[in-house]
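One-letter residues, chain by chain:
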Amino acid sequence: MGNEREKFSQRLANAMQQAGYEARPKVLFHLFNTRYRGRSVTFQTTSRWLAGGAIPAQDKLQVIADVLGVEPHALRFGAPARSRVAETRATWPAGVGSRERQVVDAYLKLPPKKREVVGELVKMLAEDV
């Protein structure tokens with residue numbers, strides 16, 4: 001059973017990195033608890049998930065998979081044999097960290113009018129560079 005948990009933790013860390021996040025318990029703690037509608041998890045829980053000490057319950061696994069843009073089954077059990085065509089997910093460029101990803105996520109949650117204001121501000125700031 002320990003080997004299964006270790007493999008899960010490796011898949012979780014890889015999925016976090018592919019999504020542009022640092023594979024650290026603190027990052028996962030914040031990502032998870034800002035999106036999970038149930039009782040929040042502890043920092044120790046996210047540490048166990050990343051250290052191979054535990055595998056989250058299905059409802060929690062679903063939230064993690066949604067946040068990271070991966071299939072829950074693939075995150076939990078690994079990718080199946082290539083029998084189906086899968087849509088590839090864009091990866092973040094090197095050097096883009098979790099802070100930048102959080103800013104982009106926050107921007108995408110804004111209503112259209114506020115996005116427009118932020119876009120104009122970014123354009124003005126970029127002109128000074």
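All of the points below concern the structure found in this document.

Calculation notes
Residues numbered from 1 in each chain as written. Predicted model: local features only at pLDDT ≥ 70, side-chain atom pairs only at ≥ 80, totals over all residues. Heavy atoms only, no water. Salt bridge = Lys/Arg side-chain N within 4 Å of Asp/Glu carboxyl O. Helix = DSSP H or I, 4+ residues; strand = E, 2+ residues; numbered from the N terminus. Buried < 20%, exposed > 50% of the residue type's maximum accessible area, 1.4 Å probe, protein only. Patch = residues over 30% accessible without salt bridge, like charges linked within 9 Å, V, L, I, M, F, W, Y side chains within 5 Å. Areas by Shrake-Rupley, 256 points an atom, 1.4 Å probe, with all protein chains shown as cover. Polar contact = N/O pair within 3.5 Å; in protein donor to acceptor, adjacent residues only side chain to side chain. Contact = heavy atoms within 4.5 Å. Core = buried A, V, L, I, M, F, W, Y, C linked by side-chain atoms within 4.5 Å.

Bringing the pattern of salt bridges into the picture now. Throughout the structure, instances matching the rule amount to three salt bridges. Of the charged contacts in the structure, one is a salt bridge between Arg 76 and Glu 4, with a shortest N-O distance of 2.7 Å. Separated by 72 residues along the polypeptide, Arg 76 in helix α5 (residues 72-77) and Glu 4 in helix α1 (residues 2-18) bring together distant segments of the chain. We classify Arg 76 as buried; its relative accessible area is 16%. Among the salt bridges present, the one from Glu 22 reaches Arg 24, with a minimum N-O distance of 3.3 Å. Under the relative-accessibility criterion, Glu 22 is labelled partly exposed at 37%. With a relative accessible area of 39%, Arg 24 lands in the partly exposed category.

The subject of this paragraph is a nonpolar patch on the surface. A contiguous nonpolar patch, built from Val 104, Tyr 107, Leu 108, Val 118 and Val 122 and spanning about 360 Å² of accessible area, is present on the exposed surface. Sorting elements by how many residues they give to the nonpolar patch places helix α6 (residues 98-109) first, with three residues. Relative to the helices and strands, Val 104 is located in helix α6. Using a relative accessible area of 30% as the deciding quantity, one classes Val 104 as partly exposed.

Structurally, Thr 46 can be placed in helix α3 (residues 43-51). In terms of polar contacts, Thr 46 uses its side chain to reach the backbone carbonyl oxygen of Pro 25, at 3.2 Å. Those residues in contact with Thr 46 that lie beyond four places of it in its chain are Pro 25, Leu 28, Phe 29 and Val 41.

Turning to the nonpolar core, a few remarks are in order. If you look at the biggest cluster of nonpolar residues, it comprises 23 residues, and the most contacted ones within it are Leu 12, Met 16, Trp 49, Leu 68 and Leu 75. When contributions to this core are tallied by element, the ones reaching two or more residues are α1, α2 (25-35), α3 and α4 (58-68). The element that contributes the greatest number of residues to this core is α4, accounting for six residues. Discounting residues that sit within four places of it in the chain, Trp 49 has contacts with Phe 8, Ser 9, Leu 12, Leu 28, Phe 32, Val 41, Ala 54, Ile 55, Pro 56, Lys 60 and Ile 64.

These figures capture arrangement, not role.
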